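Geometric and topological summary
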Amino acid sequence: MPWKNQGGGPWGSGPKGPWGNGPQPVGPRPPDLEDLLRRGQDRLQQIMPGGYFSGVGITLILLIIIALWLLSGFFRVQSEEQGVVLRFGKHVRTVDPGLNYHLPYPIETVLLPKALRVSTISIGMTLIDDPARRGRSIRDVPEESLMLTGDENIVDVDFTVLWRIKPNGVGNFLFNIQNPEGTVKAVAESAMREVIGRSNIQPILTGARTQNETNVQDLMQKTLDSYGAGIQIAQVQMQKVDPPAQVIDAFRDVQAARANLEQLQNEAQTYANKIVPDARGRAAQIVQAAEGYKEQAVAEAKGQSSRFLKVYEEYKKAPDVTRERIYLETMERVLGGSEKLIYDGSSSGQGVVPYLPLNELTPKQRPATTGQQSSGATR
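Below is a summary of the structure that appears in this document. Predicted model only: the values in this text are computed from it and were never measured.

Cut-offs and rules
Residues numbered from 1 in each chain as written. Predicted model: local features only at pLDDT ≥ 70, side-chain atom pairs only at ≥ 80, totals over all residues. Heavy atoms only, no water. Axes fitted to C-alpha atoms, helices over the stretch in contact; angles between N-to-C directions. Helix = DSSP H or I, 4+ residues; strand = E, 2+ residues; numbered from the N terminus. Parallel < 35°, antiparallel > 145°, perpendicular 65-115°, else oblique. Left-handed = near helix turned anticlockwise from the far one by under 90°. Contact = heavy atoms within 4.5 Å. Nonpolar A, V, L, I, M, F, W, Y, C, P; charged D, E, K, R; others polar. Phe/Tyr/Trp six-rings, centres within 6.5 Å; stacked < 30°, edge-to-face > 60°. Buried < 20%, exposed > 50% of the residue type's maximum accessible area, 1.4 Å probe, protein only. 1 Å grid on protein atoms, 1.4 Å probe; cavity = no way out; pocket = protein on both sides within 12 Å on 5 of 7 lines; lining within 4 Å. Points joined across faces, edges and corners; volume = space filled by probe spheres on them. Pairing = 2+ DSSP bridges. Core = buried A, V, L, I, M, F, W, Y, C linked by side-chain atoms within 4.5 Å. Salt bridge = Lys/Arg side-chain N within 4 Å of Asp/Glu carboxyl O. Expected span 1.5 Å × (residues − 1). Arc of directions from axis to C-beta.

**A few points about the packing of helix α5 (residues 180-197) against helix α7 (residues 209-227)**
Direction vectors running N to C along α5 and α7 enclose 135°, while the axes themselves pass 9 Å from each other. Classified by the angle their axes make, α5 and α7 are oblique. Seen from above, α5 lies across α7 with right-handed handedness. Across the interface between the two elements, Thr-183, Val-184, Val-187, Ala-188, Ala-191, Met-192, Glu-194 and Val-195 from α5 touch Asn-212, Asn-215, Val-216, Leu-219, Met-220, Thr-223, Leu-224 and Tyr-227 from α7. The residue makeup of the contact of α5 with α7, split by class, is 11 nonpolar, four polar and one charged.

So this is what it looks like as structure tokens:
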């Protein structure tokens, strides 16, 4: 063959091969595996002079196998984990993070769930990769977020649930539920729909968010405890609570109108608070004036009745004199300020006699003199 002349094998002697120079060795050569195995066999033969299948050799091999089997029971539990030790498939104990030991397989096995980690589940939204932004963006999931309120409105609710495994519920978490995350998500959506279905849309959108979060958390915990899930709900956070996108503009107009209504109501209440006390004060003043007039009228009536009774007493004593005096006083009061003509009652017209107006003959005093007299009288 052509390469026999090259010597050293089919690729020639030295570093050359059939196509020229071959790869040059660089650095130290790796140890020869066959040489290592041969040295190990020689040492075992020195330890076991009788060979591998002698009594001492078999015993030593069995001891080594047993030692390795026993050492296989050591395991490490990480900081977020808890070790669940199973003996022939039955849960016997739970161990904390660190180096621990269990009986080797198949007697005991260990499961390492993330029992100390707080997990997060989002309902109504999901994170998707966005190559344009070189990151992740949020996408709405309407089939999860659209819910019916108690007053037959539709609201779009996105919320997040924080949950963890109960400290003493790792066994229930592993063996009572098959899909923990799916179970928590289904329970969360059901609880939120129930709470929203019992409320009106206005409190949901304004001031009842914290109360709704607490109600959902309590309802979820009660449901999961009834399942024996071994899960503890740490917190429920409502991320977005809005009307559906199709009607959000109209809803904002309604909100603005409601705000204007409240403003007008406040202004009217302010005006009423100003006017009503004034009206009540005037009403009280009128009532007091009426009470005063009433007291005055009653007092005058009592005075007149008392005067009448006194006159009547005098009348009983002297009827003729009292009657004449009453007549004269009455005529004086009636005719005192009128023009008078005296008629003697005869049939001839000559019986009319004019009277002398003495009051007109009396000289009238001047106002200045009257003022001076008044000043003098005052002095």
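**Looking at the packing of aromatic side chains**
One pass over the structure, following the stated rule, counts one aromatic pair. For the pair Trp-163 and Phe-173, a centre-to-centre distance of 6.2 Å together with 35° between the ring planes defines the contact as tilted. Linking Trp-163 in strand β12 (residues 154-165) with Phe-173 in helix α4 (residues 170-175), this pair joins segments that are 10 residues apart in sequence. Both residues of the pair, Trp-163 and Phe-173, belong to the buried class.

**Overview of the layout of surface pockets**
Any space left empty among the atoms is revealed by the rolling of a water-sized probe across them. Roughly 250 Å³ of volume is contained in the largest pocket. Lining the largest pocket, in full, are Gln-304, Arg-307, Phe-308, Val-311, Tyr-312, Tyr-315, Arg-325, Ile-326, Glu-329, Thr-330 and Arg-333. Elements with a minimum of two residues in the lining of the largest pocket: α8 (248-317) and α9 (319-335). The dominant element in the lining of the largest pocket, judged by the number of residues it contributes, is α8, at six residues. The residue inventory of the lining of the largest pocket, partitioned by class, reads five nonpolar, two polar and four charged.

**A look at the sheet that holds strand β7 (residues 108-111)**
Spatially, the three strands line up as an open sheet ordered β5-β4-β7, and their pairing is antiparallel. Each of the sheet's edge strands pairs with one partner strand only, and the pair in question is β5 (90-95) and β7. Geometrically, the sheet is characterised by an average inter-axis angle of 30° between neighbouring strands, direction not taken into account. For strand β4 (residues 83-87) and β5, the ladder comprises five bridges, and the chain directions are antiparallel. Pairing of Arg-87 across the sheet is with Lys-90, part of β5.

**Quick notes on the nonpolar core**
Counting 35 residues, the largest nonpolar core has Val-157, Phe-159, Val-161, Met-192, Met-220, Ile-231 and Ile-233 as its most contacted members. Here the element with the most residues in this core is α5; it accounts for seven residues.

**Considering the pattern of salt bridges**
All chains considered together, the criterion is met by nine salt bridges. With a shortest N-O distance of 3.5 Å, Lys-240 and Asp-158 are connected by a salt bridge. Taken as a pair, Lys-240 in strand β13 (residues 231-242) and Asp-158 in strand β12 lie far apart in primary sequence, 82 residues in all. Look at Lys-240 and you get partly exposed, because its relative accessible area is 25%. Given a relative accessible area of 3%, Asp-158 falls into the buried group. When the shortest N-O distance is used, the salt bridge between Arg-325 and Glu-329 registers 3.2 Å. Here the residue Arg-325 and the residue Glu-329 both occupy positions in helix α9, the gap between them amounting to four residues, near one helical turn. What makes Glu-329 partly exposed here is its relative accessible area of 35%.

**So, α7**
Given a rise of 1.5 Å per residue, 19 residues ought to cover 27 Å, and the 27 Å separating the end C-alpha atoms of α7 matches this to within 8%. Inspection of α7 places Asn-212, Glu-213, Val-216, Met-220, Gln-221 and Leu-224 among the buried residues, and these make up the whole buried set. The buried residues of α7 all sit within an arc of 165° when viewed along its axis, so they share a single face. Facing away from the buried surface of α7 by more than 90 degrees, the exposed residues are Lys-222 and Ser-226. Positioned one or two residues after α7, Gly-228 has a phi angle of 65°, which is positive.

**Description of unusual backbone geometry**
Even without a glycine there, the phi angle at Glu-152 is positive, about 65°. Mapped onto the elements, Glu-152 comes out in the loop between β11 (146-148) and β12.

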